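This is what each chain is made of:
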Amino acid sequence: QVQLVESGGGLVQTGGSLRLSCAPSGRTFSMYTMGWFRQAPGKERENVAAISWRGSTVYADSVKGRFTISRDNAKNTVYLEMNSLKPEDTAVYYCAAKNSGRLVIESYEYDYWGQGTQVTVSS
């Protein structure tokens, strides 16, 4: 059974940093496109960043220059480094995997999802 397990969420002050990790289990995800999404209360789920197996990346405009997605295929782990956090970054963050090398940002394109980790940025 494929599982994606996120970790690293928490409470941080404005301007602070957090690093989220996503550790897939059940198979090797080195050839998968991996994405991070977030969903705030009352809002739709939105893509934050995605990374192809080759390392190509894409970011939402709202996080460019502040967030960095990366992957360590040897550890089968994907990361989201979040700096200069703002209260509007508060959301549940989800890791997702797509069985394709194509870099995509639409949530319906992804095949597997984690359970989410809460990120709260206090003002």
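You'll find the structure just up there.
The model shown is predicted, which means the values in this text are computed figures rather than measured ones. (Residues numbered from 1 in each chain as written. Predicted model: local features only at pLDDT ≥ 70, side-chain atom pairs only at ≥ 80, totals over all residues. Heavy atoms only, no water.)

## Observations concerning the overall build of the protein
Now for step 1: Along the protein, the regular secondary structure elements total zero helices and eleven strands.
Now for step 2: Listed N to C, the secondary structure of the protein is β-β-β-β-β-β-β-β-β-β-β in terms of helices and strands.
Now for step 3: Its C-alpha atoms give the protein principal-axis dimensions of roughly 40 × 30 × 25 Å.
Now for step 4: Counting across all 123 residues of the protein, residues that qualify as buried make up 44%.
Now for step 5: Considering only intrachain contacts with a sequence separation of at least 6, the fraction spanning at least 24 residues in the protein is 60%.
Now for step 6: Across the protein, the centroid of the 13 positively charged side chains sits 5 Å from that of the 11 negatively charged ones. (Helix = DSSP H or I, 4+ residues; strand = E, 2+ residues; numbered from the N terminus. Buried < 20%, exposed > 50% of the residue type's maximum accessible area, 1.4 Å probe, protein only. Contact = heavy atoms within 4.5 Å. Lys, Arg positive; Asp, Glu negative; His and termini not counted. Charge placed at Lys NZ, Arg CZ, Asp CG, Glu CD.)

## Quick look at the packing of aromatic side chains
Now for step 1: In total, this model carries six aromatic pairs according to the counting rule given.
Now for step 2: Ring geometry for Phe29 against Tyr112: centres 6.1 Å apart, planes inclined by 75 degrees, an arrangement best described as edge-to-face. Of the two residues, Phe29 is situated in the loop between strand E3 (18-25) and strand E4 (33-39) and Tyr112 in strand E10 (residues 112-113); the sequence distance between them amounts to 83 residues.
Now for step 3: With relative accessibility at 24%, the residue Tyr112 sits in the partly exposed group.
Now for step 4: An aromatic cluster of three or more residues is present, and its members are Phe29, Tyr32 and Tyr112.
Now for step 5: Taking NZ or CZ as reference, Arg45 lies 3.9 Å from the ring centre of Tyr94, over its face. (Phe/Tyr/Trp six-rings, centres within 6.5 Å; stacked < 30°, edge-to-face > 60°. Lys NZ or Arg CZ within 6 Å of the ring centre and 35° of its normal.)

## Some thoughts on the state of the cysteines
Now for step 1: Counting across every chain of the model gives one disulfide.
Now for step 2: Paired through a disulfide, Cys22 and Cys95 show a sulfur-sulfur distance of 2.0 Å. Handedness here is read from the sign of the S-S torsion; for Cys22 and Cys95, about -75 degrees, the answer is left-handed. A residue pair is termed long-range when its members are at least 10 positions apart, and Cys22 in strand E3 and Cys95 in strand E9 (residues 91-98) qualify at 73 residues. Here Cys22 and Cys95 have matching classes, each one buried. (Disulfide = S-S within 2.5 Å.)

## A look at the environment of Ser122
Now for step 1: You can see Ser122 is positioned in strand E11 (residues 117-122).
Now for step 2: Take Ser122: its relative accessible area is 26%, and that puts it in the partly exposed class.
Now for step 3: Taking the C-alpha atoms as reference, Ser122 lies 4.8 Å from Gln13; in sequence the two are 109 residues apart.

## Some details on the pairing of strand E8 (residues 77-82)
Now for step 1: Counted residue by residue, E8 has five buried out of six residues, so it is predominantly covered.
Now for step 2: Direction of pairing for E3 relative to E8: antiparallel, over a ladder of five bridges. Each residue of the ladder has a partner; that of Cys22, found in E8, is Val78.
Now for step 3: Note: strand E7 (residues 67-72) against E8, six bridges, orientation antiparallel. Its bridge partner lying in E8, Ser70 is registered against Tyr79.
Now for step 4: Between E7 and E8, which pair antiparallel in sequence order, lie four residues; one of them, Asn76, sits at a positive phi of approximately 55 degrees. (Pairing = 2+ DSSP bridges.)

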